[in-house]
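Analysis of the macromolecular model
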Amino acid sequence: MTVPLRAGDPIVVNVGLGDRAYDIAIGRGQLSTLGARIAALRPGCKAAVVTDETVARHHLAAAQAALKAAGIESSSVAVPPGEGSKSFAMLERVCDALLAARIERGDLVVALGGGVVGDLAGFAAAVLRRGVDCVQVPTTLLAQVDSSVGGKTAINASHGKNLIGAFCQPILVVADTALLDTLPAREFRAGYAEVVKYGLLGDAAFFAWLEANWKDLFAGGNSSGSFAREHAIAVSCRAKAAIVARDERETGDRMLLNLGHTFGHAFEAAAGFSDRLLHGEAVALGMALAFEFSARRGLIAQAEADRAIAHLAAAGLPTHVSAVPGAWPGVDAMMDLIAQDKKVRRGRLTLILVRGIGAAFVTRDVEADEVRAFIAEKLQ
Ligand SMILES: NC(=O)c1ccc[n+]([C@@H]2O[C@H](COP(=O)([O-])OP(=O)(O)OC[C@H]3O[C@@H](n4cnc5c(N)ncnc54)[C@H](O)[C@@H]3O)[C@@H](O)[C@H]2O)c1
Ligand SMILES: [Zn+2]
């Protein structure tokens, strides 16, 4: 297991992208190092912190204090919490605030929040004055293991989610695991689905470790000497970093990260991107369906698919369509949503299926009718 050398030391994961490589510093209390880390990378810069109102209440003062301690002046702008803020209106508001704060080339945008803030602030940084640098300070488990790493940024359009965006790598990610202590339990659990995803898609040993240690990870504290949370985040970031370094623009391997997402997004969209089904919950459901579908096709033994699904369920994540309250649209509407997913290329469905736990692969040879029959059955 990866543990810090001493309590308080970070685990550092490097994203190897040549002259755009950057570090992810993971550990309890790492927020206090934010200013010093930035000062080392961009001496003399000023910063603007973009956050949401909920995160601001909990963590903005500490973030700005950490900047100030290193002599970095900062302004801040807080948007309302929630997916609705990944909009043109909020992009305009954030860009205006950044311009009013005189953020120029050489200065920095600090994204302090979950995936919503990371995506919005990252995109604002990508387009402000044709691009200023961005530092990600993820405050949800999902953001610490997924959205803050890899450089995808986006807002939503009326045509769908994440359709307007840019690839823009941060220059630094600071993942302070103590910030997760204020995160609602349901949000933490939803983020855990993305952690399990890394095991299921490519690392069977990590999956087995999660089966044995997930409760420590949820409990999170280091007082007992357990660094389960930090270890799980580090393994997840390393997995994502390795894939991103191989395929930054998602032409091949990076698609593996979409395990559970094609089915999951369809249910998430059908639920209106609402509290009814959080993204991570939709991913858990989607992964359970991907494993079941793979077993159906004889790609993986049923018992192994059951093992994957059982772990998601044990952690309290939905693995059956019926586990999510409320009614679903019919199979036609669900198939439209599956086909609308941006993972569709030239009309063919791209699915991520599995040959085993830790052995996901990308396929385009599944007929839509086969998926349709499967989904129709699940909707009953
Ligand atoms: N760019 C990428 O590669 C990528 C990858 C995955 C997901 N995403 C995007 O991420 C978004 C979802 O991110 P999310 O799940 O982090 O949601 P989120 O940013 O909406 O955060 C969830 C909720 O938790 C609150 N919150 C955040 N941190 C908190 C803390 N420490 N304490 C208390 N409350 C806190 C937020 O205010 C919000 O209400 C989606 O828009 C998705 O498209 C992007
Ligand atoms: Zn996801």
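See above for the structure.
Remember, it's a predicted structure, so these values are computed and weren't measured experimentally.

Listed as protein donors to the zinc ion (ligand 2) are Glu-194 (OE), His-261 (NE2) and His-279 (NE2); their distances from the metal cover 1.9 to 2.1 Å. Here the donor residues for the zinc ion (ligand 2) map to a single chain with the spacing E-x66-H-x17-H. Remark: His-279 occurs in helix H10 (residues 279–296) and His-261 occurs in helix H9 (residues 261–270); sequence separation between them is 18 residues.

On to the site of ligand 1. Residues in close proximity to ligand 1 total 26 residues, the closest being Asp-52, Glu-83, Thr-139, Thr-140 and Thr-182. Across the complex, the protein chains shield 89% of the 870 Å² of accessible surface that ligand 1 would expose by itself. Sorting the residues of the shell around ligand 1 by element identifies helix H2 (53–69), helix H4 (115–127), helix H5 (141–147) and strand E8 (160–167) as the ones contributing at least two each. With four residues, H2 is the single largest residue contributor to the shell around ligand 1.

This part takes up the packing of aromatic side chains. Taken as a whole and judged by the stated rule, the model has eight aromatic pairs. On the numbers, 5.0 Å between centres and 65° between planes, the contact of Phe-188 with Phe-218 is edge-to-face. Placement of the pair is Phe-188 in helix H6 (residues 185–202) and Phe-218 in helix H7 (residues 204–219), with a sequence separation of 30 residues. Taking relative accessible area as the criterion, Phe-188 reaches 5% and is therefore assigned buried. Centroid distance Phe-267 to Trp-328: 5.0 Å. Interplanar angle 90°. Geometry classified as edge-to-face. Residue Phe-267 is located in helix H9, and its partner Trp-328 is located in the loop between helix H11 (302–314) and helix H12 (331–340); the two are separated by 61 residues in the primary sequence. Trp-328 shares its class with Phe-267; the two are buried. Within the aromatic cluster, the residues linked to one another by ring pairs are Phe-188, Tyr-192, Trp-214 and Phe-218.

Scoring rules and cut-offs
- Residues numbered from 1 in each chain as written.
- Chains lettered and ligands numbered in written order.
- Predicted model: local features only at pLDDT ≥ 70, side-chain atom pairs only at ≥ 80, totals over all residues.
- Heavy atoms only, no water.
- Donors = N, O, S within 2.8 Å, 3.2 Å for Na, K, Ca; no water.
- Helix = DSSP H or I, 4+ residues; strand = E, 2+ residues; numbered from the N terminus.
- Near = heavy atom within 4 Å.
- Areas by Shrake-Rupley, 256 points an atom, 1.4 Å probe, with all protein chains shown as cover.
- Phe/Tyr/Trp six-rings, centres within 6.5 Å; stacked < 30°, edge-to-face > 60°.
- Buried < 20%, exposed > 50% of the residue type's maximum accessible area, 1.4 Å probe, protein only.

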